[in-house]
Amino acid sequence: MAEKADILDFSLEELERAVEDLGQPAYRAKQIVKWLHKGVGHFDEMTDLPQAFRHTLHEQFRIGKLQILESLHSKSGYATKHLFLLSDHNIIECVVIRYKYGNTLCLSTQVGCRMGCQFCASTIGGLVRNLSAGEMLSHVIETNRLLEENGERRIGHLVLMGSGEPLDNYKNTIEFMKMVHLPAGINMSYRNITLSTCGLVPRMFELADEGLPVTLSVSLHAPNDNVRKLIMPVASAYSVVDIIKASRYYYEKTGRRITFEYTLIKDLNDREEHAEELAELIKGFPNHVNIIPLNEVEGLDFRRSPERSIQRFIQVLKSRGVEVTRRRELGFDIEGACGQLRRSFYSGSESQHYER
Ligand code: SAH
């Protein structure tokens, strides 16, 4: 028998249609969304639905809840990494970051990644598969449940900065963002969602036209194509000039200021002239640069820039009128910092094997 469909993968419209096909009024779909986003694991818990209908739902659908394997807490207490088991035994990691203004979840969009950025751990094993919209949603639901159990605040912001390239899993990522935004459910404002991309230009234009005003973060990491090609294969497909055009278009369509991420790598992209070239490249529309000191990944050759180069780089940008912030490194000791989330396997039944 074919596996039942995961009800978390259904958009509201699809759910409304499915509910009507089962002879119920469309508004039942919103009732179901409310329960699903609260984290119920069984249709029987949806107490405002008729009992016979709950039974029918159970026969037709499954609720694709993720199983939590492990949670790792950073010493600082600011970050927690959760390891979730997917139904096909892949493991996916996500990180809760506790800021003063609330809790942020750093979420993956793919198991592995095929973009090949050479300083990033997520890409080492290549792409395994896309996450479904429901799987991404389930991360948020389960994390919220765990936070609540702990007496903590629910997730207030999402950053799609875990493993994977969101725009390489375009359809599911868009679906997910629409679902997490549903007022009947988690009701996350689009403004509180940050989508980070390595710069898939045609998809950036497409996203601008979607009418979902999420914050766009662009992983630039270089002020020109030559430097970028040294670390990002995607630079051979799209030039920095085209990325800037797409970013400007995104701003014009959504009114959202663009963030450019720039990971500082020793002797590669961290010289003063790189900062000057960067300032020149991005001038002319509202944006800001987020500096990420490289998190060194075991087995990869790149090194973090020395502190004085980091400071100097930031200073040059500031002196050119660029708005710049520096990424705080909160999840470092649990390998939950940028570029450190990677795919893992669950092997056998005896114990969890966590590939590093
Ligand atoms: N595919 C998306 C999301 C990736 S992760 C993207 O490319 O934007 C989010 C950010 O972490 C990206 O800017 C990525 O380039 C950066 N990153 C990856 N590995 C890193 C590392 N080892 N140290 C610091 N930042 C890293």
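What counts, and at which threshold
- Residues numbered from 1 in each chain as written.
- Predicted model: local features only at pLDDT ≥ 70, side-chain atom pairs only at ≥ 80, totals over all residues.
- Heavy atoms only, no water.
- 1 Å grid on protein atoms, 1.4 Å probe; cavity = no way out; pocket = protein on both sides within 12 Å on 5 of 7 lines; lining within 4 Å.
- Points joined across faces, edges and corners; volume = space filled by probe spheres on them.
- Helix = DSSP H or I, 4+ residues; strand = E, 2+ residues; numbered from the N terminus.
- Nonpolar A, V, L, I, M, F, W, Y, C, P; charged D, E, K, R; others polar.
- Domains from an automatic or database assignment.
- Near = heavy atom within 4 Å.
- Polar contact = N/O pair within 3.5 Å; in protein donor to acceptor, adjacent residues only side chain to side chain.
- Areas by Shrake-Rupley, 256 points an atom, 1.4 Å probe, with all protein chains shown as cover.
- Buried < 20%, exposed > 50% of the residue type's maximum accessible area, 1.4 Å probe, protein only.
- Arc of directions from axis to C-beta.
- Contact = heavy atoms within 4.5 Å.
- Axes fitted to C-alpha atoms, helices over the stretch in contact; angles between N-to-C directions.
- Parallel < 35°, antiparallel > 145°, perpendicular 65-115°, else oblique.
- Left-handed = near helix turned anticlockwise from the far one by under 90°.
- Buried area = accessible area lost by both parts, 1.4 Å probe.
- Salt bridge = Lys/Arg side-chain N within 4 Å of Asp/Glu carboxyl O.
- Expected span 1.5 Å × (residues − 1).

Caption draft 1: How the structure looks around empty space enclosed by the protein. Per the counting criterion, the structure on display carries two cavities of 30 Å³ or more. In this structure, the largest cavity is lined by Ile7, Leu8, Phe10, Ser11, Leu12, Leu15, Val33, Leu36, His37, Leu137, Met179 and Leu182. Breaking the lining of the largest cavity down by element, the ones donating at least two residues are helix 1 (12–21) and helix 2 (28–38). Classifying every residue of the lining of the largest cavity gives 10 nonpolar, two polar and no charged. Looking at which domains feed residues into the lining of the largest cavity, each of domain 1 (5–62) and domain 2 (67–348) supplies at least three. Of the voids in this model, the second largest cavity is the one considered here, and its volume is about 30 Å³.

Caption draft 2: Here's a closer look at the site of the ligand. Taken together, 19 residues surround the ligand, and among them Phe119, Ser196, Ser219, His221 and Asn295 come closest. Within the side chain of Ser219, a nitrogen or oxygen atom sits 2.5 Å from an oxygen atom of the ligand. A distance of 3.3 Å separates a nitrogen atom of the ligand from a polar atom in the side chain of Thr263. Within the complex, 97% of the 530 Å² of free accessible area of the ligand lies under protein.

Caption draft 3: Structural view of helix 1. Residues of helix 1 that are buried: Leu12, Leu15, Ala18 and Val19. Taken end-on, helix 1 shows its buried residues confined to a sector of 120 degrees, consistent with a single buried face. Exposed residues on helix 1 whose side chains face more than 90 degrees from its buried face are Arg17 and Asp21. Contacts made by the buried residues of helix 1 are with helix 2, helix 3 (51–60) and strand 2 (61–62).

Caption draft 4: Spotlight on unusual backbone geometry. For His221, which is not a glycine, the phi torsion comes out positive at approximately 65 degrees. With respect to the secondary-structure elements, His221 resides in the loop between strand 11 (215–219) and helix 7 (225–231). The exposure class of His221 is buried, given its relative accessible area of 5%.

Caption draft 5: View of the packing of helix 6 (residues 201–208) against helix 8 (residues 240–254). Where helix 6 meets helix 8, the closest approach of the two axes is 9 Å, and the angle between their N-to-C directions is 5 degrees. Viewed along their axes, helix 6 and helix 8 adopt a mutual orientation that is roughly parallel. Contacts between helix 6 and helix 8 involve Val201, Met204, Phe205, Leu207 and Ala208 on the former and, on the latter, Asp242, Ile243, Lys245, Ala246, Ser247, Tyr249, Tyr250, Lys253 and Thr254. For the contact of helix 6 with helix 8, the class distribution of residues is nine nonpolar, two polar and three charged.

Caption draft 6: Region of interest: the packing of helix 5 (residues 170–181) against helix 6. With their axes 12 Å apart at the nearest point, helix 5 and helix 6 run at an angle of 30 degrees to one another. Judged by the inter-axis angle, helix 5 sits roughly parallel to helix 6. Crossing of helix 5 over helix 6 shows right-handed handedness. On helix 6, the residues that touch Tyr170, Ile174 and Met177 of helix 5 are Arg203, Glu206 and Leu207. Split into classes, the residues belonging to the contact of helix 5 with helix 6 amount to four nonpolar, no polar and two charged.

Caption draft 7: Looking closely at the domain arrangement of the chain. Domain annotation of the chain identifies domain 1 (5–62) and domain 2 (67–348). Computed from C-alpha coordinates alone, the two centres of domain 1 and domain 2 are separated by 33 Å. Contacts between domain 1 and domain 2 engage 12 residues on the former and 15 residues on the latter. Taken together, both faces of the contact between domain 1 and domain 2 bury some 1,100 Å²; the carbon and sulfur share is 64%. Sorting the residues of domain 1 by area buried against domain 2 places Leu8, Asp9 and His37 first, and these three jointly supply 53% of that buried surface. The interface formed by domain 1 and domain 2 includes zero salt bridges. Linking domain 1 to domain 2 there are three residue pairs in polar contact (both at pLDDT 80 or more). Ranked by residue count, the leading element in the side of domain 1 that touches domain 2 is helix 2, at six residues. Taken together, the residues that form the side of domain 1 that touches domain 2 break down as five nonpolar, three polar and four charged.

Caption draft 8: Local environment of the pattern of salt bridges. Inspection of the entire model under this criterion finds 24 salt bridges. For Glu3, the salt bridge goes to Arg62, with nearest N and O atoms at 3.6 Å. Here the residue Glu3 occupies a position in the segment before strand 1 (5–6), and Arg62 occupies one in strand 2, the gap between them amounting to 59 residues. The exposure class of Glu3 is exposed, given its relative accessible area of 59%. Among the ionic pairs, Arg327 bridges to Glu261, the shortest N-O distance being 3.5 Å. With Arg327 in the loop between strand 14 (324–326) and strand 15 (344–345) and Glu261 in strand 12 (residues 258–264), the pair connects residues that are 66 residues apart, well separated along the chain. Neither Arg327 nor Glu261 differs from the other in exposure class; each is buried. One network of salt bridges, with partners in common, ties together Lys65, Glu142, Arg145 and Glu149.

Caption draft 9: A look at helix 5. Along its 12 residues, helix 5 runs 17 Å from first to last C-alpha, staying within 8% of the 16 Å computed at 1.5 Å per residue. Among the residues making up helix 5, those that are buried are Tyr170, Asn172, Thr173, Ile174, Phe176, Met177, Met179 and Val180.

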